[in-house]
Amino acid sequence: MPVHDALDNQPLPTPDDADWAGRADQAARSVTRSFGRRLLFLPGTHIGAIRIPGNTLRSLLGPWHYWWQAHYVDCLVDTGRRELARKTRFDGGSRPSAGRLASRLVTTIRLRNLFRFENHYYDDMAWLALSTLRLERLAEETRKPGRRRNAYVQKRLTLQFDSASTDDLGGGTFWSTKRDFKNTPATAPVALYFARTGRRERAQALVGWLNSRLLHPERGVYQDGIRIRNGEPVLEEAVYTYNQGPVLGALLELGGPDYLERAAQLVAAIDRELTAPGTRVIRGDGTGDGGLFTGILVRYLALAGRDERLPLEARTVARELVLATAGAFWTGRREAPELVRGTPTGHTPLLFSPNPLSPATETYPAGAGVELSTQLQAWMTFEAAATL
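In this text the structure is predicted, and so the values were computed from the model without any measurement. For every chain, the first residue of its written sequence is number 1, and the numbers climb from 1 along that sequence. Per-residue local features are limited, in this predicted model, to residues with pLDDT of at least 70; the limit for side-chain atom pairs, both in listing and counting, is 80 or more; totals at the level of whole chains, interfaces and linings are taken over all residues. Heavy atoms throughout the structure, all of them, feed into the side-chain values; hydrogens and water do not.

### A look at the overall build of the protein
Which entries qualify depends on this criterion: Put simply, DSSP H or I for four residues or longer makes a helix, DSSP E for two residues or longer makes a strand, and each gets a number counted from the N terminus. Radius of gyration: over C-alpha atoms. The globule rule applied is 2.2 Å multiplied by the number of residues raised to the 0.38 power. Under the scheme applied here, a residue whose accessible area is under 20% of the maximum for its type counts as buried, over 50% as exposed, and between as partly exposed, the area being computed with a 1.4 Å probe on protein chains only. Whether two residues touch is decided by their heavy atoms; if any such pair falls within 4.5 Å, the residues are in contact.
For the protein, the helix and strand inventory stands at 14 helices and nine strands. Whereas a compact globule of 388 residues would reach a radius of gyration of roughly 21 Å, the protein reaches 20 Å, a difference of no more than 12%. A principal-axis box enclosing the C-alpha atoms of the protein has dimensions of 55 × 45 × 40 Å. Residue burial in the protein is summarised as follows: out of 388 residues, 58% are buried. For the protein, the proportion of contacts with a sequence separation of at least 24, taken over those separated by at least 6, is 69%.

### Observations regarding helix α12 (residues 312-331)
Defined as follows: Multiplying one less than the number of residues by 1.5 Å gives the expected span of a helix.
Spanning 20 residues, α12 covers 28 Å between terminal C-alpha atoms, matching the ideal 28 Å at 1.5 Å per step. All of the buried residues along α12 are A314, V317, A318, L321, V322, T325, A326, A328, F329 and W330.

### Notes on the packing of helix α7 (residues 184-196) against helix α8 (residues 200-214)
In plain terms, the rule: Axis definition: a line fitted to C-alpha atoms, limited for helices to the stretch in contact. Angles are taken between N-to-C directions and run from 0 to 180 degrees. If an angle is under 35 degrees, it is roughly parallel; if it is over 145, roughly antiparallel; if it lies from 65 to 115, roughly perpendicular; otherwise it is oblique. Note: crossing handedness is left-handed where the near helix turns anticlockwise from the far helix by less than a right angle, and right-handed where it turns clockwise. By the convention adopted, Pro, Cys, Tyr, Trp, Phe, Met, Ile, Leu, Val and Ala count as nonpolar, Lys, Arg, Asp and Glu as charged, and the other residues, Gly among them, as polar.
It is the contact of α7 with α8, at a shortest axis distance of 7 Å, that shows an interaxial angle of 150°. Viewed along their axes, α7 and α8 adopt a mutual orientation that is roughly antiparallel. Between α7 and α8 lies a crossing whose hand is left-handed. Residue-level inspection shows T184, T187, A188, V190, A191, F194 and A195 of α7 in contact with α8, the latter providing R200, R202, A203, L206, V207, W209, L210 and L214. Each residue belonging to the contact of α7 with α8 can be placed in one class, and the counts come to 11 nonpolar, two polar and two charged.

### Here we look at the environment of G225
With respect to the helices, strands and loops of the structure, G225 is situated in strand β5 (residues 225-229). Assessed through its relative accessible area of 0%, G225 is described here as buried. Sequence-wise, G225 and L169 are 56 residues apart; in three dimensions their C-alpha atoms are separated by 11 Å. Dropping the residues within four chain positions of it, G225 is found in contact with F181, K182, N183, L214, V234, L235 and E236.

Next up, the structure:
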C-alpha cells in the first residue's frame, strides 16, 4: 500500500507535536513575508526572492533557481495540510492560506520560466512534479480550484521523465538535456514520482539501477552518478545528504520486504555516515543549492519515522535524526527585525543558519545577505518534526 509523503494525511496535532507545529508556522511566516514577492508586481502572482536584501532588476536578470521554488511549493503544502487539520490559517485570517500561495507560486513558476514548466534539468522538473502532486491532493481535500493546472504540470513533466529514463548506461535517468550524466539527483525523485503515480515497474527499474550502480557497497549510501566522459562511463563518487532522501522515499513507496529492508539499512547508513560527530544532527552543506540538502533528507526521514512497516530500531533512529536536526536549527535561530517590510505587524522574522550546529548570529549576522534555500531548509525540517 503506498505511503505517499509523511507530511500528507497527518492527524490533528497532539500535545507532543504542537510545539513543532508552532515553530513551523513561525518559519512559514518568516519566509513568506520576507522572501515572498509578486512577479513584476502582477496581482495574483507569488514567487520567492532568491536572496535578501536584493533588488528587482537582479531578481529578473539573475538566476531564480527553479528547483528552490519547487521546494517552496512543497513547504507551503506542508503548512497547508496543518491549516486543513486545524481549520486556521498559518498567517492569520486576513492573509492568503498556504494552499492559495502554493497555487499562485506554481502559476508564477510557469510565467517566470517563459510560459513553460519544462527546463533543461530533469531533477528540477522532478521536484516540481512531486510538489504539484501533493498540491493536487491538498486541493482535492479542500475542494479548491487548481487541479486541472496541476494535472497539466504532471502530464507535461511525465513526458520529460519518460524521455530521460533510457537504457543508456544500463538504466537510470539523465540529469540534464545534455544527456551525458545519469545520477541520483534525477533518478531518485523521478523513481519516487513514478511510484506515487502508479507506474511501479518504471520506479522499480530506476531503483534497481541505483542499487546496482550507485549504492556504495561498504558505506551503504548512494553515490552521485555516472558521467560519460570521452565516450566512457566514469563514476562520480561524491555522497550528498539530500540524494539519500528521495531514494528512501521511493523504497518506502514501493514497499515489500526487500525494499523495506533496504530502507532500514539506508536509515542506519545515514545515521552512521551523514551526521555531525557525536550527534544525530544531519550535517549541513552550506549555502546555495547546498542550503536545501539537509532539509530534503530530513523530509524523507520523517516518512521513515512514521512507517510502521519498518523495524522499531529504524523508526526510532529516523525520528531521532529528524528531531535532533530540527532542534539544532531552532536553537541556532536569531530574530531579524531588519527584515520587516512595510507596516510592522508584531511579527519579527526569524533567520536560521545554513548549518544546524552553527548559530545564525555567526552565519547570518545583521546586514548579511540571506538565501532562500537555507530558510526553506529549516522550515521543511520543522514541518517534518511536526509530523512526529
